[in-house]
Amino acid sequence: MRILLVSQMYPGPDTPELGSFVATLERALEARGHELARAVVDRRGGYDRHARLAVDVLRTAHSFGPDVVYAHFLVPAGLLAALAGRAPLVVTAHGQDVENARRSRVVRRATKLTVRRAHAVVAVSSWLRDRLVEVVPDALAKSSVIDCGVDLEEFAPRDPAAARAEVGWSPEGTGFLCVGSLSERKNVLRLARAFELRGEGELAFVGDGPLRGALEGREKIHVAGNVDHGQVAAWMAAADIVCQPSLAEPFGLATLEGLASGRSVVATSVGGPPEFVPEGAGVLVDPADDDSVRAGLDAAAQLPRPNLAARSAAEAHDVRRQAERVEELLARAAASPPDRRA
């Protein structure tokens, strides 16, 4: 198939981590023999980035002549893809796009139009699909749950000593790691407090954000800042426990990457992680409860290292398998009669 990929998040020269999950799935589709062209935003900020995306979508759709359009995020990327031409649309909802629809009447109307025009709608978790259906009931009949998957070759159990030498972090005791934005939603301050109350091990944060200053300078806490996505796997391997106690997580890709790396996880109970973190692979915590997060750290520290149950849980989410599932939706959309494409 000739697939036009549309996304408002995509890795760029200055933002290699931006939308890396989109690029990973794109490569898996290419490996299955499909030809892809892209219209994407590969940088943060810029008041005109969505206007530029609109122009890029129209231009690329005209020149490439896709059999099907595959968009990531309902609005604006999905909406722009829906309006770009006659090719059928499959769109994946990732989380913030659904929350925007829940909060804004204007975005909700745009989301309803996107869903109406789409041949199929994908949600990255059942939790997210339910939240979308609450505000756009028509999405239910068109929806599937398919996450973006994990590259099991990139994220795999590795020798922690070699990984620690690679990233320059050699924790004394248990090595805890949190990957993602240093923001309120990621719950990084509560994680730091819970870690400090344990009095054992070291905690590293990989990422940047508004709460970085509140984390830097604290004893046994290391803030690495943003790293290239290719280095995230090394950080996972350097850790003993991967901690992602976000206030809510529509899916939880960093948690899945931790599992794939054979690391026990401490994950939020709100959102997608309960759907793929089984007992023995990690611990689910109440992200709003300091005691729950602290107990989760203690419990995870007692699990095997490496954790083969964690790796086994991740194998069901191999990006190659997820690409097959997306491929099936794209093929059905491409083969649908024109009068059923709206």
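Since this is a predicted model, take the numbers as computed values, not measurements. (Residues numbered from 1 in each chain as written. Predicted model: local features only at pLDDT ≥ 70, side-chain atom pairs only at ≥ 80, totals over all residues. Heavy atoms only, no water.)

Asker: I keep staring at the overall build of the chain and nothing clicks. Help me out?
Answerer: Broken down by element type, the chain carries 15 helices and 12 strands. Against the 2.2 N^0.38 benchmark of 20 Å for 342 residues, the chain shows a C-alpha radius of gyration of 20 Å, consistent with a compact globule. For the chain, with 342 residues in total, the buried portion stands at 55%. Taking the intrachain contacts of the chain between residues at least 6 apart in sequence as the baseline, contacts between residues at least 24 apart amount to 66%. For the chain, the exposed surface amounts to about 14,300 Å²; the carbon and sulfur share of it is 49%. Charge-centre separation for the chain: the mean point of 41 positive side chains lies 8 Å from the mean point of 45 negative side chains. (Helix = DSSP H or I, 4+ residues; strand = E, 2+ residues; numbered from the N terminus. Rg over C-alpha atoms; globule rule 2.2 N^0.38 Å. Buried < 20%, exposed > 50% of the residue type's maximum accessible area, 1.4 Å probe, protein only. Contact = heavy atoms within 4.5 Å. Areas by Shrake-Rupley, 256 points an atom, 1.4 Å probe, with all protein chains shown as cover. Lys, Arg positive; Asp, Glu negative; His and termini not counted. Charge placed at Lys NZ, Arg CZ, Asp CG, Glu CD.)

Asker: Just to check I follow, could you spell out the environment of Asp 240 for this structure?
Answerer: For Asp 240, the location among the structural elements is in the loop between α11 (229-238) and β10 (241-244). The sequence separation of Asp 240 and Gly 258 amounts to 18 residues, and the corresponding C-alpha distance is 9.6 Å. Beyond its immediate sequence surroundings of up to four residues, Asp 240 is in contact with Arg 164, Gly 173, Thr 174, Gly 175, Arg 263, Ser 264 and Arg 305. A polar side-chain atom of Asp 240 sits 3.2 Å from a polar atom in the side chain of Arg 164. From its side chain, Asp 240 meets the backbone nitrogen of Gly 175 in a polar contact 2.7 Å long. (Polar contact = N/O pair within 3.5 Å; in protein donor to acceptor, adjacent residues only side chain to side chain.)

Asker: Would you mind showing me how to read the packing of aromatic side chains here?
Answerer: Both the distance between ring centres and the angle between the ring planes are used here to describe each pair of aromatic rings. Overall, the coordinates contain four aromatic pairs when judged by the stated rule. Between Arg 2 and the ring centre of Phe 64, over which it is positioned, the NZ or CZ distance is 4.1 Å. (Phe/Tyr/Trp six-rings, centres within 6.5 Å; stacked < 30°, edge-to-face > 60°. Lys NZ or Arg CZ within 6 Å of the ring centre and 35° of its normal.)

Asker: Teacher, can you tell me more about the pattern of salt bridges here?
Answerer: Pairing of side chains with opposite charge becomes possible as their charged atoms draw close. For the structure on display, the rule yields 24 salt bridges. Between Arg 102 and Glu 134 there is a salt bridge, and its shortest N-O distance comes to 2.7 Å. One end of the pair, Arg 102, is in helix α4 (residues 96-103); the other, Glu 134, is in helix α6 (residues 126-135), and 32 residues separate them in sequence. A salt bridge links Arg 218 to Glu 196, with the shortest nitrogen-to-oxygen separation between them at 2.9 Å. Of this pair, Arg 218 sits in the loop between α10 (212-215) and β9 (221-225) while Glu 196 is found in helix α9 (residues 188-198), placing the two residues 22 residues apart along the sequence. Look at Arg 218 and you get partly exposed, because its relative accessible area is 22%. On the basis of relative accessibility, which here comes to 35%, the residue Glu 196 falls in the partly exposed class. (Salt bridge = Lys/Arg side-chain N within 4 Å of Asp/Glu carboxyl O.)

Asker: Just to check I follow, could you spell out the sheet that holds strand β12 (residues 282-285) for this structure?
Answerer: Paired through their backbone hydrogen bonds, the strands of a sheet run either parallel or antiparallel. Strand order in the open sheet formed by six strands is β9-β8-β7-β10-β11-β12, and the pairing between neighbours is parallel. The open sheet has two free edges, formed respectively by β9 and β12, since each of these has just one partner strand. Pairs of neighbouring strands in the sheet enclose a mean axial angle of 20 degrees, with direction left out of account. The sheet contact formed by strand β11 (residues 264-268) and β12 spans four bridges and is parallel. Opposite Ala 267, over in β12, you have Leu 284 as the bridge partner. Most of the contacts of α9 go to strand β8 (residues 202-206), to which it runs at about 165 degrees, and overall it touches β7 (175-179), β8, β9 and β10. (Pairing = 2+ DSSP bridges. Axes fitted to C-alpha atoms, helices over the stretch in contact; angles between N-to-C directions.)

Asker: Help me understand the sheet that holds strand β5 (residues 120-123), please; the structure alone is not making it clear to me.
Answerer: Strand order in the open sheet formed by six strands is β2-β1-β3-β4-β5-β6, and the pairing between neighbours is parallel. Single-partner strands in this sheet number two, and they are β2 (35-40) and β6 (143-145). Neighbour to neighbour, the strand axes of the sheet diverge by 20 degrees on average, direction disregarded. Bridge count for strand β4 (residues 89-93) against β5 is four bridges, and the pairing is parallel. In the strand pairing of β5, Val 90 is matched with Ala 120. On top of the sheet, helix α15 (residues 319-335) reaches β1 (2-7), β3 (68-72), β4, β5 and β6; it is set at about 135 degrees to β3, its chief contact.

Asker: I'm lost on the environment of Arg 190 in this one. Help?
Answerer: Along the chain, Arg 190 turns up in helix α9. Residue Arg 190 is classed as buried on the basis of its relative accessible area of 17%. Counting along the chain gives 55 residues from Arg 190 to Pro 245, while the straight-line C-alpha distance between them is 8.7 Å. Once residues lying within four places of it in the same chain are set aside, the contact partners of Arg 190 are Leu 247, Pro 287, Ala 288, Asp 289, Asp 290 and Val 293. Separated by 3.0 Å, the side chain of Arg 190 and the backbone oxygen of Pro 287 make a polar contact. A distance of 2.6 Å separates the side chain of Arg 190 from the side chain of Asp 290, its partner in a polar contact.

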